[in-house]
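One letter stands for each residue in the lines below.
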Amino acid sequence: MAKVPHTPHESPARWTPTRMLARLDGDRELAVQLAEIFIDEYPDMLQRLRDAVAADSADDVRRAAHALKGSISNFIDGGPTATAYELEAMGRTGQLEGTPPLLERLDRELIALTACLREFQSKGAGGG
Amino acid sequence: MAPAPRDAAAQVLEAFREALVREHIVTGAGLERALQHGRAAGLDLQDAIVSLGLIDEETAYRLLADAAHIPFADLKTVRPTALARHLVPPSLLHRHEVLPLSVDDKAVRYVTSKPCDLEADRALSMSTGRSTAAMLACRSELRAALADDSLEPSQSAAPRTNETERDAASTRHTVLIVDDDGTTRGLVRLLLERDGYRVLEAVNGRNAVDIAATEKLDLVVMDLLMPELDGYGAIVALRSHVRHTTTPIVVVTSEEGPAVEAQVLELGADDYILKPFEPTVLTSRIKAAFRRQRLAVSCGS
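1. Some points on the overall build of chain B
Reasoning step 1: Helix and strand content of chain B: 16 helices and 5 strands.
Reasoning step 2: Out of the 301 residues belonging to chain B, those deemed buried represent 41%.
Reasoning step 3: Put simply, 61% of the contacts in chain B that link residues at least 6 apart link residues at least 24 apart.

Set out below in structure tokens:
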């Protein structure tokens, strides 16, 4: 069973680093590096998910959404994590009819999240 | 420094012999006769003196447990999982019978399936070809080592590894991270490289098995849901590979639930951590896995 995000309506546009920093023991340098890795990695992961949806492959949708969910959950509990979870669940049940609008939503949420992460990153390890 | 296992077993036996004389169960000549009888019959000393009618079985094992500094209750009434609860962190014990610490695979299988009574200890001794005294010495050593060195560091207050520890403890260890999520791979890499580990990466189970065939791995961090070959299959494949029967495998996944946890541990994983994890939890668990492996090797040598 996959982990259900706790706050599905959390908005990525209002993302703050507080929770992530708490989880990383206040290690701002590590948080900045993690954001950097995510910004580099997520486009490929999202593309994998898009390909899976386009190929109508439930198993691939499940796996790609699952990986993306794990990745996003490093930063935020709800919002895009919850959307990725919904896509994963659709892949698991094989019900892919509703995936395109969810994929669009995920795309928007990730753009908002990465904008916040870039802003956080630009302040650097010192927190500026 | 803890004595070598053979010395520890000899010390247990010596203390046991002294107790037999001190408790007036045998004289010096009686002890010699029991030893000869034991050698002839292939019995450990405590079984030899019981067989000669010099002592009842419970008293014999009580004295032996005292000699090994182990509560008799551990031998007589406590199931192995309960004993294990003294030895390993509760987070690793889970809801089924797994004893990650033992002398070898055979012993692990035995201990996980049998009650730890006198018969079990005797059978464990026979199955591993080691004397009961040696088995008890091993338990005693594990207990002492773990009492000195808690395996449950505070998640928020875990001290950062200092440079000396990194150099001494980690640089020789190679860790393979298996995950199709690049962010998690990156995070784990950052954390482990900080601690001085050499890190390799695999993007799925098939990739991991290929790397494991050619690389010496000291520990594997394994995701579960991956394309091509998932983590379940990769654990089975690694465990069937002669080089990796005992390589610690720490599963890091967002697949949640006791059934998942039980399954991966049954397949041969050593630990299970849920994503998103706290970095100190991951690094502490990895250190604990190495520590348990060192103890197991030390006790099984």
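2. Quick word on helix α4 (residues 57-67) of chain B
Reasoning step 1: For α4 of chain B, every residue scored as buried is listed here: A60, Y61, L63, L64, A65 and A67 of chain B.
Reasoning step 2: With its phi angle positive at about 60°, H69 of chain B sits one or two positions after the end of α4 of chain B.

3. Observations concerning the environment of R92 of chain A
Reasoning step 1: Within the secondary structure, R92 of chain A is located in helix α4 (residues 80-93).
Reasoning step 2: When the C-alpha positions of R92 of chain A and R62 of chain A are compared, they lie 5.7 Å apart, and in sequence the two are 30 residues distant.

4. Some details on the sheet that holds strand β5 (residues 271-274) of chain B
Residue and element names in this part refer to chain B.
Reasoning step 1: Within the open sheet, the 5 strands sit side by side as β2-β1-β3-β4-β5. Their pairing is parallel. Two strands close off the open sheet at either side, each with one partner strand: β2 (198-202) and β5. Strand-to-strand twist in this sheet, taken as the mean axis angle between neighbours without regard to direction, amounts to 20°.
Reasoning step 2: Here strand β1 (residues 174-178) pairs with strand β3 (residues 219-222) via 4 bridges, running parallel. Following the sheet pairing, I177 is matched in β3 by V221.
Reasoning step 3: Of the strands in this sheet, β1, β2 and β3 touch helix α12 (residues 182-194), which is tilted by about 170° from β2.

5. Overview of the pairing of β5 of chain B
Residue and element names in this part refer to chain B.
Reasoning step 1: Across 4 bridges, the pairing between strand β4 (residues 249-253) and β5 is parallel. Its bridge partner lying in β5, V252 is registered against I273.
Reasoning step 2: Read from β4 through helix α15 (residues 258-267) to β5, the crossover connection turns out right-handed.

6. Overview of the nonpolar core
Reasoning step 1: Ranked by size, the top nonpolar core spans 72 residues in total, and within it L49 of chain A together with M222 of chain B carry the most contacts.
Reasoning step 2: Of the residues forming this core, the biggest block, 12 residues, is contributed by helix α2 (residues 28-54) of chain A.
Reasoning step 3: Not counting chain neighbours up to four residues away, the residues in contact with L49 of chain A comprise V61, A64, A65, L68, L87 and L103 of chain A.
Reasoning step 4: Counting 18 residues, the second largest nonpolar core, distinct from the first, contains L13, F16, L20 and A60 of chain B.

7. What to know about unusual backbone geometry
Reasoning step 1: With an omega dihedral of -10°, the bond running from K275 of chain B to P276 of chain B counts as a cis peptide bond.
Reasoning step 2: Mapped onto the secondary structure, P276 of chain B falls in the loop between β5 and α16 (279-300).
Reasoning step 3: Backbone geometry at D25 of chain A places phi at a positive 60°, although glycine is not the residue there.
Reasoning step 4: For D25 of chain A, the position within the fold is in the loop between α1 (18-23) and α2.

8. Looking at the environment of R62 of chain A
Residues and elements named next belong to chain A.
Reasoning step 1: By secondary structure assignment, the location of R62 is in helix α3 (residues 58-72).
Reasoning step 2: Counting along the chain gives 26 residues from R62 to E88, while the straight-line C-alpha distance between them is 4.3 Å.
Reasoning step 3: Not counting residues within four places of it along the chain, the set of residues in contact with R62 comprises E88, G91 and R92.

9. Focus on the interface of chain B and chain A
Reasoning step 1: Listed as interface residues are 22 residues of chain B and, on the opposing side, 21 residues of chain A.
Reasoning step 2: At the level of secondary structure, the elements contributing two or more residues to the side of chain B that touches chain A comprise α12 and α16 of chain B.
Reasoning step 3: With 6 residues, the top contributor of residues to the side of chain B that touches chain A is α12 of chain B.
Reasoning step 4: Residue classes in the side of chain B that touches chain A are distributed as 8 nonpolar, 8 polar and 6 charged.

10. Quick word on the environment of V220 of chain B
All names here are of chain B.
Reasoning step 1: Note on placement: V220 falls in strand β3.
Reasoning step 2: What makes V220 buried here is the crowd of 28 C-beta atoms within 10 Å.
Reasoning step 3: Once you skip the residues sitting within four places of it in the chain, V220 turns out to touch L176, V178, L238, T247 and I249.

11. Describing helix α2 (residues 28-41) of chain B
Reasoning step 1: Here α2 of chain B contains 14 residues, and its C-alpha end-to-end distance of 20 Å stays within 8% of the 20 Å for a straight helix at 1.5 Å per residue.
Reasoning step 2: Little of α2 of chain B is tucked away: 1 of the 14 residues are buried.

12. A look at the pairing of β2 of chain B
Reasoning step 1: As paired strands, β1 of chain B and β2 of chain B are joined by 5 bridges and run parallel to one another. Across the sheet, the residue bridging to V178 of chain B is A202 of chain B, located in β2 of chain B.

13. Concerning the confidence of the model for chain A
All names here are of chain A.
Reasoning step 1: Of all residues in chain A, 87% attain a pLDDT of 70 or more, and the chain-wide mean is 87.
Reasoning step 2: Model confidence for chain A, summarised as mean pLDDT per element, is weakest for α1 at 86 and strongest for α4 at 95.
Reasoning step 3: Low pLDDT (under 50) marks residues 1-8, which in the prediction has 22 contacts with non-local residues, meaning those over four places away or in another chain.

14. Thoughts on the packing of α2 of chain A against α12 of chain B
Reasoning step 1: Interhelical geometry of α2 of chain A versus α12 of chain B gives an angle of 150° and a closest axis separation of 8 Å. One way to sum up the angle between α2 of chain A and α12 of chain B is to call them roughly antiparallel. In this structure, the crossing between α2 of chain A and α12 of chain B has a hand that is right-handed. From α2 of chain A, L30, Q33, L34, I37, F38, E41 and M45 of chain A reach across to α12 of chain B, where they touch G182, T183, G186, L187 and L190 of chain B.
Reasoning step 2: A per-class count over the contact of α2 of chain A with α12 of chain B returns 7 nonpolar, 4 polar and 1 charged.

Rules used throughout
Residues numbered from 1 in each chain as written. Chains lettered and ligands numbered in written order. Predicted model: local features only at pLDDT ≥ 70, side-chain atom pairs only at ≥ 80, totals over all residues. Helix = DSSP H or I, 4+ residues; strand = E, 2+ residues; numbered from the N terminus. Buried ≥ 20, exposed ≤ 12 C-beta atoms within 10 Å, placed from the backbone. Contact = placed C-beta atoms within 7 Å. Pairing = 2+ DSSP bridges. Axes fitted to C-alpha atoms, helices over the stretch in contact; angles between N-to-C directions. Right-handed = clockwise from strand over helix to strand, strands pointing away. Core = buried A, V, L, I, M, F, W, Y, C linked by C-beta atoms within 7 Å. Nonpolar A, V, L, I, M, F, W, Y, C, P; charged D, E, K, R; others polar. Expected span 1.5 Å × (residues − 1). pLDDT = per-residue confidence, 0-100. Parallel < 35°, antiparallel > 145°, perpendicular 65-115°, else oblique. Left-handed = near helix turned anticlockwise from the far one by under 90°.

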